[in-house]
Amino acid sequence: MAIIHDSMEIQISKTNDYKLLASLNKEVQELHCSLYPNIFKPYNEQNVVSFFKEILAQKNAKAFVAYSGKKVVGYIVLFLKEVPENPFQYSQRFILIDQIGVKSEFRKNGIGKLLLDKATETAKEKHLKMIRLNHWTMNNDARDFFNKHGFSYFNENMWKLL
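It should be emphasised that the depicted structure is a prediction, and the values quoted were computed from it without experimental measurement. (Residues numbered from 1 in each chain as written. Predicted model: local features only at pLDDT ≥ 70, side-chain atom pairs only at ≥ 80, totals over all residues. Heavy atoms only, no water.)

Caption draft 1: Region of interest: the pairing of strand β4 (residues 71–83). Two strands pair when backbone bridges link them, and strand β3 (residues 61–68) and β4 are joined in this way by eight bridges, in the antiparallel orientation. If you follow valine 65 over to β4, its bridge partner there is tyrosine 75. The loop that links β3 with its antiparallel partner β4 comprises two residues; one of these, glycine 69, has a positive phi angle of about 65 degrees. When β4 meets strand β5 (residues 92–102), the two strands line up antiparallel, connected through ten bridges. Residue pairing for β5: glutamate 82 is matched across the bridge by arginine 93. (Pairing = 2+ DSSP bridges. Helix = DSSP H or I, 4+ residues; strand = E, 2+ residues; numbered from the N terminus.)

See the structure below:
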């Protein structure tokens, strides 16, 4: 899928390149680590490569990257989730956006929207009616971006530090 947006040609492609995903994750991990240093570890390339290699081996995982020309500018990692019915809730099937990121110098060019569109396309191919994601409270850019693109809150987590 090639899309021209603001004179940039953006290509979204499926990938199993766990090293590429690990390199794209660096900026996201460093942001999370700066916002929540007691929770998030500093970026460690070897560990992150191993993580992506493991998750991409799962049959319910898919990853896509965005290219502007030959430059890789963003990524999204999706999981097909199935939650069985229980006494309290109906069964659920949905796409979970586990990770999404666009390199900072390429933001505000529609690349994130195109990655979300790929998640929507993937959900529709599976006849799913829901996409879920979460973000960290202090990540205001993520909050604004997801709100702008039609996501709404349905469950909120809280903590009390002791």
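Caption draft 2: A look at helix α1 (residues 18–35). Taking 1.5 Å of rise per residue, the 18 residues of α1 would be expected to cover 26 Å, and the 25 Å separating its terminal C-alpha atoms lies within 8% of that figure. The largest bend along α1 measures about 40 degrees and falls at asparagine 25. Along α1, the positions that sit buried rather than exposed are Leu20, Leu21, Ala22, Leu24, Asn25, Val28, Gln29, His32 and Cys33. Buried residues in α1 make contact with α2 (45–56), β3, β4 and β5. (Expected span 1.5 Å × (residues − 1). Bend = angle between axes of the 7 residues up to and from the residue. Buried < 20%, exposed > 50% of the residue type's maximum accessible area, 1.4 Å probe, protein only. Contact = heavy atoms within 4.5 Å.)

Caption draft 3: The arrangement of the packing of α1 against α2 in detail. Running from N to C, α1 and α2 point in directions that differ by 125 degrees, and their axes come no closer than 8 Å. Looking at the two axes, α1 sits oblique to α2. Crossing of α1 against α2: the hand is right-handed. Counted together, Tyr18, Lys19, Leu21, Ala22 and Asn25 of α1 and Val48, Val49, Phe52, Lys53 and Leu56 of α2 form the full contact between these two elements. The residue inventory of the contact of α1 with α2, partitioned by class, reads seven nonpolar, one polar and two charged. (Axes fitted to C-alpha atoms, helices over the stretch in contact; angles between N-to-C directions. Parallel < 35°, antiparallel > 145°, perpendicular 65-115°, else oblique. Left-handed = near helix turned anticlockwise from the far one by under 90°. Nonpolar A, V, L, I, M, F, W, Y, C, P; charged D, E, K, R; others polar.)

Caption draft 4: Up close: the side chain of threonine 122. Tracing the sequence through the fold places threonine 122 in helix α3 (residues 111–125). Threonine 122 sits in the buried class, given a relative accessible area of 4%. Here the side chain of threonine 122 touches lysine 118 through a polar contact of 2.8 Å, landing on its backbone oxygen. Sequence-distant contacts of threonine 122, defined by excluding residues within four places in its chain, comprise Lys62, Phe64, Leu78 and Ile95. (Polar contact = N/O pair within 3.5 Å; in protein donor to acceptor, adjacent residues only side chain to side chain.)

Caption draft 5: Fine view of the nonpolar core. Core analysis: the biggest nonpolar cluster contains 24 residues, and Ile76, Ile97, Ile111 and Leu115 have the highest contact counts within it. For this core, the secondary structure elements donating two or more residues are β2 (8–14), β3, β4, β5, α3 and α4 (140–148). With six residues, α3 is the largest single contributor of residues to this core. Filtering out sequence-adjacent residues up to four positions away, isoleucine 111 remains in contact with Met8, Ile10, Ala66, Val73, Val102 and Phe106. In terms of nonpolar packing, the next biggest core, distinct from the first, is built from 20 residues, Leu20, Leu56, Val65 and Phe94 among them. (Core = buried A, V, L, I, M, F, W, Y, C linked by side-chain atoms within 4.5 Å.)

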